[in-house]
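# Coordinates in review
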Amino acid sequence: MIIDRDNVIIQTTHFVQQTLKDAEAGHDWWHVYRVWQLAKRIAQEEKVDLFIVELGALLHDIADSKFHQGDEKIGPLLASDFLKSLGVEDSITEQVRMIIQNISFKGGNFEQDFKSPELDVVQDADRLDAIGAIGIARTFNYGGYKGRLLYDPSVPPRLNMSKEEYKNSTAPTINHFYEKLLLLKDRMNTKTGSEMAVKRHEFMETFLDEFYSEWNGES
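Described below are features of the structure shown in this document. (Residues numbered from 1 in each chain as written. Predicted model: local features only at pLDDT ≥ 70, side-chain atom pairs only at ≥ 80, totals over all residues. Heavy atoms only, no water.)

Secondary structure assignment for the chain yields ten helices and zero strands. Tracing the chain from N to C terminus, the helices and strands come up as α-α-α-α-α-α-α-α-α-α. In terms of its C-alpha atoms, the chain occupies a principal-axis envelope of roughly 65 × 35 × 30 Å. Each of the 219 residues in the chain was classed as buried or not, and the buried ones make up 47%. Counting only contacts in the chain whose residues sit at least 6 apart along the sequence, the fraction spanning at least 24 positions is 68%. If you average the places of the 25 positive and of the 36 negative side-chain charges in the chain, the two averages end up 2 Å apart. (Helix = DSSP H or I, 4+ residues; strand = E, 2+ residues; numbered from the N terminus. Buried < 20%, exposed > 50% of the residue type's maximum accessible area, 1.4 Å probe, protein only. Contact = heavy atoms within 4.5 Å. Lys, Arg positive; Asp, Glu negative; His and termini not counted. Charge placed at Lys NZ, Arg CZ, Asp CG, Glu CD.)

So, about helix α10 (residues 191-215). Taking 1.5 Å of rise per residue, the 25 residues of α10 would be expected to cover 36 Å, and the 36 Å separating its terminal C-alpha atoms lies within 8% of that figure. Of all the bends found along α10, the most pronounced is centred on Val198 and spans about 30°. Regarding α10, the residues found buried are Thr192, Gly193, Met196, Ala197, His201, Met204, Leu208, Phe211 and Ser213. Packed against the buried residues of α10 are α2 (29-43), α6 (117-128), α7 (132-145) and α9 (173-179). Two residues or fewer past α10, Gly217 is found with a positive phi of approximately 70°. (Expected span 1.5 Å × (residues − 1). Bend = angle between axes of the 7 residues up to and from the residue.)

Further remarks concern the nonpolar core. As a rule of thumb, nonpolar side chains are buried together in soluble globular proteins. Ranked by internal contacts, the top residues of the largest apolar core, which has 58 residues, are Val16, Leu55, Leu59, Val96, Leu128 and Phe177. Elements with a contribution of two residues or more to this core: α1 (5-19), α2, α3 (50-59), α4 (74-85), α5 (90-102), α6, α9 and α10. Looking at this core, the element that brings in the most residues is α2, giving eight residues. When sequence neighbours within four positions are dropped, the list of residues in contact with Leu128 reads Leu38, Ile42, Met188, Gly193, Met196, Ala197 and Arg200. (Core = buried A, V, L, I, M, F, W, Y, C linked by side-chain atoms within 4.5 Å.)

A few words now on the pattern of salt bridges. Inspection of the entire model under this criterion finds nine salt bridges. For Asp120, the salt bridge identified is with Lys115, shortest N-O distance 2.9 Å. Asp129 is the salt-bridge partner of Arg138, the closest N and O atoms lying 3.5 Å from each other. Exposure remark for Asp129: the relative accessible area of 1% places this residue in the buried category. Beyond isolated ion pairs, a larger network of salt bridges with shared partners links Arg34, Asp129 and Arg138. (Salt bridge = Lys/Arg side-chain N within 4 Å of Asp/Glu carboxyl O.)

What follows deals with the packing of α1 against α3. Direction vectors running N to C along α1 and α3 enclose 10°, while the axes themselves pass 10 Å from each other. As summarised for this structure, α1 and α3 are arranged roughly parallel, according to the angle between their axes. In this structure, α1 contributes Arg5, Val8, Ile9, Thr12, Thr13, Phe15 and Val16 to the contact, and α3 contributes Phe51, Glu54, Leu55, Leu58 and Leu59. Each residue belonging to the contact of α1 with α3 can be placed in one class, and the counts come to eight nonpolar, two polar and two charged. (Axes fitted to C-alpha atoms, helices over the stretch in contact; angles between N-to-C directions. Parallel < 35°, antiparallel > 145°, perpendicular 65-115°, else oblique. Nonpolar A, V, L, I, M, F, W, Y, C, P; charged D, E, K, R; others polar.)

Looking now at a negative patch on the surface. Taken together, the side chains of Glu202, Glu205, Asp209, Glu210 and Glu214 define an acidic patch exposed on the protein surface. Structurally, Asp209 is set in helix α10. (Patch = residues over 30% accessible without salt bridge, like charges linked within 9 Å, V, L, I, M, F, W, Y side chains within 5 Å. Areas by Shrake-Rupley, 256 points an atom, 1.4 Å probe, with all protein chains shown as cover.)

As structure tokens, then:
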């Protein structure tokens with residue numbers, strides 16, 4: 001069966017908007033929208049299947065494990081069932097499922113076991129939305145959502161956590177910059193993503209300098 005790909009994108013957009021209408025603001029429809037737009041921009045410079053990239057970007061956070069008791073199977077399963085309901089062919093559905101399953105940062109010691117050009121693009125887009133001004137806003141929003149301290153000088157960042165330690169961490173929000181955000185610039189997959197990450201990374205470094213200066217009453 002030949003499907004109308006434009007219609008699939010439209011229906012997927014509506015599905016995600018409805019599913020995430022009450023989501024935490026750092027992982028809501030607008031996060032997905034930004035990742036979608038970034039992914040399309042990066043894809044212009046890469047040899048990828050744009051349909052898979054768009055579906056992967058739109059569905060990548062359909063059921064983030066952070067909000068489902070750490071269950072990493074719900075998102076890929078929900079996305080697969082939805083795409084099958086639209087008649088999307090199995091090979092495409094499987095590619096999207098693997099993107100969702102492998103996109104997340106899971107700690108400094110985690111090595112993903114699946115790679116594809118489409119995952120590279122969507123992962124870069126997702127990582128770009130985790131850094132820079134938007135990334136800072138999302139980080140503190142999530143920290144507030146979880147009731148975490150802004151900063152505690154007596155709690156140092158942990159750079160070598162296992163996947164489970166990373167998932168279960170309750171450290172102050174500032175630690176997250178060192179445990180994830182500042183690592184992302186050097187973990188981009190594509191040339192375009194790497195270039196876009198530089199400015200956002202530098203903005204975070206400037207922010208942290210100012211944060212510590214104000215914390216210590218110096219400015």
